[in-house]
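# Working through the structure, step by step
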Amino acid sequence: MAEKDKVEKLFFSHRDIFADVFNCCVFNGRQAVDSLMPARVLNYNISSYAKQFGSGADKLYPVMTIVLYFGQKRWKASRQLEDLFDL
């Protein structure tokens, strides 16, 4: 492939976005089940949008958070935020 994909060019041209994705994938890989992971993901997403909003951006870039779990046991904790509420 002689020419980079347009999306790839755009992605790598925004170093702050690339850094957020890199930090998420490398430093937030999980080896233990975290029962509050949906809330952590929500907090991370809100923080990312707040950072974009605070920078004076005209439009917001979508935030896609991926949780990597490297544990030996099966993940049995909730994967949805709504399951954390006692309603």
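Residues numbered from 1 in each chain as written. Predicted model: local features only at pLDDT ≥ 70, side-chain atom pairs only at ≥ 80, totals over all residues. Heavy atoms only, no water.

## Quick look at a positive patch on the surface
Residues Lys 73, Arg 74, Lys 76 and Arg 79 make up a contiguous surface patch of positive charge. Looking at the element boundaries, Arg 74 is found in the segment after α3 (37-54). Residue classification places Arg 74 among the exposed residues on the basis of a relative accessible area of 67%. (Patch = residues over 30% accessible without salt bridge, like charges linked within 9 Å, V, L, I, M, F, W, Y side chains within 5 Å. Areas by Shrake-Rupley, 256 points an atom, 1.4 Å probe, with all protein chains shown as cover. Salt bridge = Lys/Arg side-chain N within 4 Å of Asp/Glu carboxyl O. Lys, Arg positive; Asp, Glu negative; His and termini not counted. Charge placed at Lys NZ, Arg CZ, Asp CG, Glu CD. Helix = DSSP H or I, 4+ residues; strand = E, 2+ residues; numbered from the N terminus. Buried < 20%, exposed > 50% of the residue type's maximum accessible area, 1.4 Å probe, protein only.)

## Brief notes about the confidence of the model for the protein
The predicted model of the protein averages 76 in pLDDT, with 66% of residues at 70 or higher. Element-level mean pLDDT values for the protein span from 53 in helix α2 (residues 15-27) up to 88 in α3. (pLDDT = per-residue confidence, 0-100.)

## A closer look at the packing of aromatic side chains
In total, this model carries one aromatic pair according to the counting rule given. Between Tyr 69 and Trp 75, the aromatic rings sit 5.0 Å apart at their centres with planes inclined by 80°, giving edge-to-face as the arrangement. Judged by relative accessible area, Tyr 69 falls into the partly exposed class, the value being 24%. Exposure remark for Trp 75: the relative accessible area of 13% places this residue in the buried category. (Phe/Tyr/Trp six-rings, centres within 6.5 Å; stacked < 30°, edge-to-face > 60°.)

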